[in-house]
Amino acid sequence: MININIWSIYPGTFKVSSTNSRVEVEEGLYRIEDLVNADNSEIEIRAKASDVSYHYYSRSNPSRGVDIRGNDVSVLANTDFSASRDTIFIVHGWNNNKDSAVNYHIREAILSKHNINVFVVDWSPVAAKTYLSAKNSVVSIGRFAADFVRSLVSRYNVRLDRVACVGHSLGAHVLIQPDPLFSVSNTDGRLDRTDARFVQIIHTNGGLLGFEEPIGHSDYFPNGGKSQPGCGLDVAGTCAHSRAYEYYSEAILSNRNLFFARRCTAYSDFTNGRCNSNVLSTMGGYGIDKG
């Protein structure tokens with residue numbers, strides 16, 4: 001595995017207590033997914049290299065992007081791509097694509113403040129399938145993405161210590177071998193602190209569309225990490241789910257990061273003032289706080 005920095009703005013997964021999950025496909029539109037008794041032929045679908053494309057953005061080209069298929073990184077020779085700059089990969093989640101809000105928010109925020117190389121990884125042909133089919137294809141997507149990074153290293157001498165990956169939902173797991181259902185105890189099946197030099201995670205919908213437990217080097221639980229202000233009756237959790245990349249982007253855009261956090265063992269301890277003298281840290285932003 002290529003050892004890079006992973007800034008996982010959401011370790012997305014469905015944590016189920018029954019065989020069915022109510023999934024919001026579009027705003028106000030739901031469908032029922034059977035996560036356990038699914039059609040095996042659908043579950044066993046694996047991604048192909050042609051299912052993944054890469055889209056390069058920079059300060060001089062912040063909105064249109066340069067489309068790259070396969071590992072043909074030679075096209076970057078005709079762009080302003082530079083190995084002397086940091087490189088970041090943005091990976092969307094289930095039912096998303098290169099034009100989804102997560103990519104736009106993060107890309108625009110980073111390029112407005114930093115002169116770096118930005119690649120959006122589009123695996124929408126697979127991400128548009130059922131949840132289990134998409135989830136069980138994540139390892140293939142990760143291998144293709146890793147091959148793409150190796151091509152950058154080989155042709156342009158890109159340094160891996162200057163490469164980072166930001167993933168939302170299933171996109172946070174693209175370099176991780178998936179199990180049929182993610183679990184906290186089995187770290188082989190999902191993102192954890194051993195998967196990169198530094199893993200920061202923002203939990204905004206724990207217990208429904210994500211983990212309640214810390215699994216990275218630094219885990220942030222804004223507003224307790226389960227529900228978020230302004231989301232109202234967020235039955236499917238999609239509003240709180242999206243808050244992760246919105247907070248992350250806002251932290252980048254802010255002249256000074258205002259998302260302060262205290263190291264604490266429980267949210268109840270925090271609200272009761274038992275952590276007031278503990279280590280202070282800042283959540284999100286391009287320059288990750290490793291404190």
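Residues numbered from 1 in each chain as written. Predicted model: local features only at pLDDT ≥ 70, side-chain atom pairs only at ≥ 80, totals over all residues. Heavy atoms only, no water.

### Focus on the pairing of strand S9 (residues 199–202)
Here is step 1: Residues of S9 alternate between two faces, with Val199 and Ile201 on one and Gln200 and Ile202 on the opposite face, all of them buried.
Here is step 2: Across three bridges, S9 lies against strand S10 (residues 218–220) in parallel orientation. Looking across to S10, one finds that Gln200 is bridged to Ser218. (Buried < 20%, exposed > 50% of the residue type's maximum accessible area, 1.4 Å probe, protein only. Helix = DSSP H or I, 4+ residues; strand = E, 2+ residues; numbered from the N terminus. Pairing = 2+ DSSP bridges.)

### Quick notes on the nonpolar core
Here is step 1: Judged by nonpolar contacts, the single largest core of 32 residues is most densely connected at Leu76, Phe119, Trp123 and Leu152.
Here is step 2: Mapped by element, the contributors of at least two residues to this core are strand S4 (53–58), strand S6 (87–91), strand S7 (117–122), helix H3 (124–127), helix H4 (131–135), helix H5 (138–156) and strand S8 (163–167).
Here is step 3: Ranked by the residues each element gives to this core, the list is headed by H5, at eight residues. (Core = buried A, V, L, I, M, F, W, Y, C linked by side-chain atoms within 4.5 Å.)

### Notes on the confidence of the model for the protein
Here is step 1: Confidence in the prediction of the protein, expressed as mean pLDDT, is 79, and 75% of residues score 70 or more.
Here is step 2: Under a pLDDT of 50 for its full length, residues 6–32 has, in the predicted model, 110 contacts with residues more than four places off or in other chains.
Here is step 3: Predicted confidence for residues 176–187 stays below pLDDT 50, and this span has 43 contacts to residues more than four positions away or in other chains. (pLDDT = per-residue confidence, 0-100. Contact = heavy atoms within 4.5 Å.)

### Let's talk about the pattern of salt bridges
Here is step 1: Scanning the entire structure with this criterion turns up eight salt bridges.
Here is step 2: Between Asp147 and Arg150 there is a salt bridge; the shortest N-O distance is 2.9 Å. Of this pair, Asp147 and Arg150 both sit in helix H5, three residues apart, which is roughly one turn of that helix.
Here is step 3: Relative accessible area serves as the criterion here: at 39%, Arg150 is assigned to the partly exposed category.
Here is step 4: Put simply, Asp161 and Arg159 hold a salt bridge, and the shortest N to O gap is 2.8 Å. (Salt bridge = Lys/Arg side-chain N within 4 Å of Asp/Glu carboxyl O.)

### Examining helix H6 (residues 238–253)
Here is step 1: Its 16 residues give H6 an end-to-end C-alpha distance of 23 Å, which sits within 8% of 22 Å, the value for a rise of 1.5 Å per residue.
Here is step 2: Taking the largest bend as the criterion, H6 deviates by roughly 30 degrees, centred on Ala244. (Expected span 1.5 Å × (residues − 1). Bend = angle between axes of the 7 residues up to and from the residue.)

### Considering the packing of helix H2 (residues 101–113) against H6
The axes of two packed helices give the description: the angle between them and the distance between them.
Here is step 1: In the contact formed by H2 and H6, the axes pass within 9 Å of each other and the chain directions differ by 10 degrees. The angle between H2 and H6 places the two elements in the roughly parallel class. Here Ala101, Val102, His105, Ile106, Ala109, Ile110, Ser112 and Lys113 of H2 come into contact with H6, specifically with Tyr245, Tyr248, Ser249, Ile252 and Leu253.
Here is step 2: Counted by class, the contact of H2 with H6 contains nine nonpolar, three polar and one charged residues. (Axes fitted to C-alpha atoms, helices over the stretch in contact; angles between N-to-C directions. Parallel < 35°, antiparallel > 145°, perpendicular 65-115°, else oblique. Nonpolar A, V, L, I, M, F, W, Y, C, P; charged D, E, K, R; others polar.)

### Quick word on the environment of Val279
Here is step 1: Inspection of the secondary structure puts Val279 in the loop between helix H7 (267–271) and strand S12 (280–282).
Here is step 2: Taking relative accessible area as the criterion, Val279 reaches 44% and is therefore assigned partly exposed.
Here is step 3: Sequence separation between Val279 and Cys264 is 15 residues; the distance between their C-alpha atoms is 8.7 Å.
Here is step 4: Once residues within four sequence positions are removed from consideration, Val279 is found in contact with Ala261, Arg262 and Arg263.

### Observations regarding the state of the cysteines
Here is step 1: With the rule as written, the count across this model stands at two disulfides.
Here is step 2: The residue that forms a disulfide with Cys231 is Cys239, at a sulfur-sulfur distance of 2.1 Å. One disulfide, between Cys231 and Cys239, carries an S-S torsion of -75 degrees and so falls in the left-handed class.
Here is step 3: For Cys231, a relative accessible area of 11% corresponds to the buried category. (Disulfide = S-S within 2.5 Å.)

### What about H5?
Here is step 1: Compared with an ideal rise of 1.5 Å per residue, which puts 19 residues at 27 Å, H5 spans 27 Å between its outermost C-alpha atoms and is within 8% of the ideal.
Here is step 2: Count one or two residues on from H5 and you reach Asn157, which has phi positive near 60 degrees.

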